[in-house]
Amino acid sequence: MNNHKAAWTLAAAALALAGCGEEKPAPKAQAKAEAPAAPAPAPTIEIKIASVAPLTVKTPHLGKDNENGVRLALDEANASGIKIDGKDAKFVLVSEDDQGDPKVGTTVAQKLVDAKVNGIVGHLNSGVTIPASVIYNQAGIPMITGSATNPEVTERGFKVTFRTVGRDDQQGPAIASYLAANTKPKVVAIVDDATAYGAGIANEVEKTLKAANVKVLPREKGTDSTTDWKAILTKLRGRKPDAVFYGGMDQTGGPLLKQGRELGLKAVFAFGDGACTDEMSKLAGPAAEGLLCSQAGIPPQAADKKFLDAYKKKFNTDPILYSPFTYDGANLLIAAMKKANSADPAKYLPELQKISYQGATGKIEFDDKGDRKDAEMTIFTMKDGKITPLAIVKSGKTTAYDDFVKAAAPAAPATAAPAAPAPEAKKDEPKKEEPKK
Amino acid sequence: MDTFLQQLVNGLTAGSVYAIVALGYTMVYGIIQLINFAHGEVVMIGAMVAFSVIGALAGSGLPPIAVLFIATLCAIPACIAVGYAMERLAYRPLRRAPRLAPLITAIGVSIVLQHLALLVWTRNVLAYPQIVATKNYALFGATITNVQLGIIAVCVAMMAGLAMLVYRTRLGIAMRATAQNQQVAALMGIDVNRVIAATFVIGAALAAVAGVLYSTYYGVAQYTMGSLLGLKAFSAAVLGGIGNVPGAMLGGLLLGLVEALGAGYIGDFTDLCAYPWIGEALGERCANGGQFILAGSEYQDVFAFIVLILVLVFRPSGLLGERVGDRA
């Protein structure tokens, strides 16, 4: 059988090569000082902003959503004719596929550094962001993630690492205390997908539940590509949990939920932000109804109306999860560059650190670590195939979603306007977002 | 006890799907000693074609079973076309070449099929339409769903049908003769090329059904789904004795059971706290029902390959295989 083994090694190598082959043509680095003789074509400066997310495997739908957010921000910036250092700024999107894989992530990060991009929005997954940010830190290029929620991302003293979403040590306690207060479970089972994100949020949930005197069963683990959860769920069923928390993404969470119901598991299912999408109702079918989940930020439908309309117009679809946050991420980079009047990372970084910016997701300021100050967490439930916000948790305080929208209304009318009319149209369902066809 | 029984039910369902995929590997190997590594991709194509058909028929008002049946009927010819084309274009020209050449070609075919599927069905994890409403039945404390029953029934029927074909029909006799000695079979008036093509076609048809069953069961499909499934089915075929038809059936079922029980109980067996003196030595970690698990259920996918390695080390010809392992 030696032949087979040799063949498999070859196959693996071939697959790896195929994976690396998808390169986007890097935009040509234009000579910055182009002959400024003619007065009509003003000198331009090309600014490269990268978006990195899994675009081919694992969660490509979320990856594309993140990329769309960045693309929209850059297109708007180009249309508005920003001048930096007296030159017309031309923002170019460099989109890379990290395949949701830490190994590919670092390769891509190095490639972006070598291509001398001016700023990075990404990565999508915490497990990929953590090693990749080391490379950006060495190169001194600012990186803003709009979706990596693991605390570790900003805990290593990197000056160039920022995020526009909340952290799992805010999100985990939020969903766990909501679960403990509202479903009052006696025994909770916790499952994760053995990634930095999944295990990280699962640990936070476990800590909070234990502090609330809820019995937590020994942790079960799958992987980020598991489709067969039956063995684990069967084992759990024998221990009769009142609730099951899963730390992982929607494409694995969907089958988990569906198979759990098939096995007759009656527990309440609760998920973190990775599995808090409308996609869950497709992946799990009717089994998805009533699931609880959290997002480390305000819901996409509560984002700025201008952003929502522009997104819908440009991509002919609604934002899925974190595109408002990557959109803000890209805009923050641009705003800092404008303030510093330079696209040089070393020059605009200080501006980014002390920025105060009104974005599509509200006011953004960073603390010393690069985390967003006073980030909101949202608790959702699945209702009629759509995730519907239930409550907002901010600085440990839980507010019902409707009250949050009302409270936000006088302060920032533009933000609250899109959210307000919908609940009136459907009286008994606090559904926010009905995509207009 | 009901947990154990439930794991058996789970394992049996997954195992019967592995078995019909494994049949595709074993039949091709039996007849031309080629490991057709692209077979997993044929399963994926079957699942994907059925996905599109189900999507197209979703609003037609037909009963769900009929939709699934029509989808499978569309997937079978598609897979047969892929299987036949694969044999005709990629393997037949290399039949007299050194054995490594068609093996590499098989890997190439597998990559080509994957990327074709990526172009047609996108890179997304497709949510397989849940058209059959799941019903649960109690079985001595375990739960078995109508989908699981259907999968097991279809697989058993297909295995029985294949056994009939191989052992009771003229084509079956021709296949077995070709497997024993191609030249002599040709001298006896058997059209060897036709028999080999028929083998691929039958394997592909089985794969199409397996693809539909697998995706209906787990509710997801993706263009990469064929590679792991294919590898597991290949392990099942080796476990049963590659080239041996009853062996592949037995191997598939056993592998399904090993996986389900393995994933269900590995945590308990590798929990150091369960062993008296180690538990005491660990002290606080094990107090109040604490656990210290070395390897948990995330190692589920590893079992197939542990089985593969053990079989290759201790019984290279597999459980039911008679041939000595000099063929590959």
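These numbers were taken from a predicted model, which means no experiment stands behind them. (Residues numbered from 1 in each chain as written. Chains lettered and ligands numbered in written order. Predicted model: local features only at pLDDT ≥ 70, side-chain atom pairs only at ≥ 80, totals over all residues.)

A. Structural context of the overall build of chain B. Counting secondary structure elements, chain B contains twelve helices and four strands. Overall size of chain B, expressed as C-alpha extent along the three principal axes, is 75 × 55 × 35 Å. Across chain B, contacts joining residues at least 24 apart in sequence account for 77% of those joining residues at least 6 apart. (Helix = DSSP H or I, 4+ residues; strand = E, 2+ residues; numbered from the N terminus. Contact = placed C-beta atoms within 7 Å.)

B. Examining the overall build of chain A more closely. Looking only at helices and strands, chain A has 15 helices and 17 strands in total. Taken across its 437 residues, chain A has 55% of its residues classed as buried. By sequence separation, contacts in chain A at least 24 residues apart represent 69% of the contacts at least 6 residues apart. (Buried ≥ 20, exposed ≤ 12 C-beta atoms within 10 Å, placed from the backbone.)

C. Region of interest: the environment of Lys210 of chain A. On the secondary structure map, Lys210 of chain A appears in helix 6 (residues 196–211). Along the sequence, Lys210 of chain A and Pro286 of chain A sit 76 residues apart, while their C-alpha atoms lie 31 Å from each other.

D. Region of interest: the nonpolar core. One finds Ile49 of chain A together with Ala19, Ile20 and Cys79 of chain B to be the most contacted residues of the largest nonpolar core, which totals 221 residues. Top element by residues in this core is helix 8 (residues 192–218) of chain B. It accounts for 17 residues. When residues of this core are assigned to domains, at least three fall in each of domain 1 (44–165 + 301–373) and domain 2 (169–295) of chain A. When sequence neighbours within four positions are dropped, the list of residues in contact with Ala19 of chain B reads Cys155, Met159, Ala236, Ala248, Met249, Gly252 and Leu253 of chain B. (Core = buried A, V, L, I, M, F, W, Y, C linked by C-beta atoms within 7 Å. Domains from an automatic or database assignment.)

E. Structural view of the domain arrangement of chain A. Residue and element names in this part refer to chain A. Assigned domains within chain A: domain 1 (44–165 + 301–373) and domain 2 (169–295). For domain 1 versus domain 2, the separation of C-alpha centres amounts to 30 Å. Contacts between domain 1 and domain 2 engage 13 residues on the former and twelve residues on the latter. A per-element tally of the side of domain 1 that touches domain 2 places helix 4 (residues 126–139) first, with three residues.

F. Looking closely at the sheet that holds strand 6 (residues 161–163) of chain A. Residue and element names in this part refer to chain A. With mixed pairing, six strands are arranged side by side in an open sheet as 2-3-1-4-5-6. Bordering the open sheet on either side are strand 2 (83–84) and strand 6, each of which pairs with just one other strand. Bridge count for strand 5 (residues 143–145) against strand 6 is three bridges, and the pairing is parallel. Each residue of the ladder has a partner; that of Met143, found in strand 6, is Thr161. (Pairing = 2+ DSSP bridges.)

G. Region of the structure containing the confidence of the model for chain A. Predicted confidence across chain A gives a mean pLDDT of 83, with 83% of residues reaching 70 or more. Below pLDDT 50 for its whole length, residues 10–36 of chain A participates in 20 contacts with residues either more than four positions away or in separate chains. (pLDDT = per-residue confidence, 0-100.)

H. Quick peek at the packing of helix 1 (residues 2–32) of chain B against helix 5 (residues 146–168) of chain B. Residue and element names in this part refer to chain B. Following both chains from N to C, one finds helix 1 and helix 5 inclined at 35°, their axes separated by 9 Å at the closest point. Between helix 1 and helix 5 the crossing geometry is left-handed. Within the contact between the two elements, helix 1 uses Val9, Leu12, Thr13, Ser16, Val17, Ala19, Ile20 and Leu23 and helix 5 uses Gln148, Ile151, Ile152, Cys155, Val156, Met158, Met159 and Leu162. Of the residues contributing to the contact of helix 1 with helix 5, the split by class is 13 nonpolar, three polar and no charged. (Axes fitted to C-alpha atoms, helices over the stretch in contact; angles between N-to-C directions. Left-handed = near helix turned anticlockwise from the far one by under 90°. Nonpolar A, V, L, I, M, F, W, Y, C, P; charged D, E, K, R; others polar.)

I. Structural view of the pairing of strand 2 (residues 136–139) of chain B. Residues and elements named next belong to chain B. In this sheet, strand 3 (residues 142–145) lies alongside strand 2 in antiparallel orientation, the contact comprising four bridges. Directly across from Asn136, in strand 3, lies its bridge partner Thr145. Connecting the antiparallel pair strand 2 and strand 3 is a turn made up of two residues, with Phe140 showing a positive phi of about 50°.

J. Unusual backbone geometry, seen in detail. Residues and elements named next belong to chain A. Note the cis peptide between Gly122 and His123, where omega equals -5°. Position of His123 relative to the elements: it lies in the loop between strand 4 (119–121) and helix 4. In this structure, Asn213 is a non-glycine residue whose phi angle is positive, near 65°. Looking at the secondary structure, you find Asn213 in the loop between helix 6 and strand 8 (215–216).

K. Local environment of helix 2 (residues 60–79) of chain A. Residues and elements named next belong to chain A. With 20 residues, helix 2 should reach 28 Å at 1.5 Å per residue; the first-to-last C-alpha distance of 28 Å fits that figure. The buried fraction of helix 2 amounts to 16 of the 20 residues, a majority that puts the element mostly inside the structure. Phi turns positive, to about 60°, at Gly81, one or two residues after helix 2. (Expected span 1.5 Å × (residues − 1).)

L. How the structure looks around the confidence of the model for chain B. All names here are of chain B. On average, residues of chain B score 88 in pLDDT, and 95% of them reach the 70 mark or higher. Confidence over residues 324–328 falls short of pLDDT 50; this stretch has eleven contacts with residues more than four positions distant or in other chains. With a pTM of 0.77, the predicted complex shows an ipTM of 0.83.

M. The environment of Arg261 of chain A, seen in detail. All names here are of chain A. If you trace the backbone, Arg261 turns up in helix 8 (residues 250–262). Of the residues examined, Arg261 has 22 C-beta atoms within 10 Å and is grouped as buried. When the C-alpha positions of Arg261 and Ala287 are compared, they lie 6.3 Å apart, and in sequence the two are 26 residues distant.

N. Representation of the packing of helix 10 (residues 245–269) of chain B against helix 12 (residues 302–314) of chain B. All names here are of chain B. Following both chains from N to C, one finds helix 10 and helix 12 inclined at 125°, their axes separated by 9 Å at the closest point. Comparing the axis directions of helix 10 and helix 12 gives the class oblique. Where helix 10 crosses over helix 12, the two elements pack in a sense that is right-handed. For the pair helix 10 and helix 12, the contacting residues are Leu255, Val258, Glu259 and Gly262 in the first and Phe303, Ala304 and Val307 in the second. Residues that form the contact of helix 10 with helix 12 fall into these classes: five nonpolar, one polar and one charged. (Parallel < 35°, antiparallel > 145°, perpendicular 65-115°, else oblique.)

O. Layout of helix 5 (residues 168–182) of chain A. Residues and elements named next belong to chain A. The terminal C-alpha atoms of helix 5, which comprises 15 residues, lie 20 Å apart, in line with the 21 Å expected from a rise of 1.5 Å per residue. Across the 15 residues of helix 5, eleven count as buried, placing the element largely inside the fold. Taken together, the buried positions of helix 5 are occupied by Asp168, Gln170, Gln171, Gly172, Pro173, Ala174, Ile175, Ala176, Tyr178, Leu179 and Ala180. Backbone geometry just after helix 5 places Lys184 at a positive phi near 45°.

P. Spotlight on the pairing of strand 16 (residues 386–394) of chain A. Residues and elements named next belong to chain A. Examined bridge by bridge, strand 15 (residues 376–383) and strand 16 share eight bridges and lie antiparallel to one another. In the strand pairing of strand 16, Thr378 is matched with Ile392. From the end of strand 15 to the start of strand 16, which pair antiparallel, there are two residues, and Asp384 there has a positive phi angle of about 50°. With four bridges joining them, strand 16 and strand 17 (residues 397–400) adopt antiparallel strand pairing. Bridge assignment links Ala391 to a residue of strand 17, and that residue is Ala400. Linking strand 16 back to strand 17 in an antiparallel pair, the connection comprises two residues, with Ser395 at a positive phi of about 45°.

Q. Broad picture of the environment of Glu206 of chain A. Examined against the element boundaries, Glu206 of chain A turns out to sit in helix 6. Along the sequence, Glu206 of chain A and Ile82 of chain A sit 124 residues apart, while their C-alpha atoms lie 48 Å from each other.

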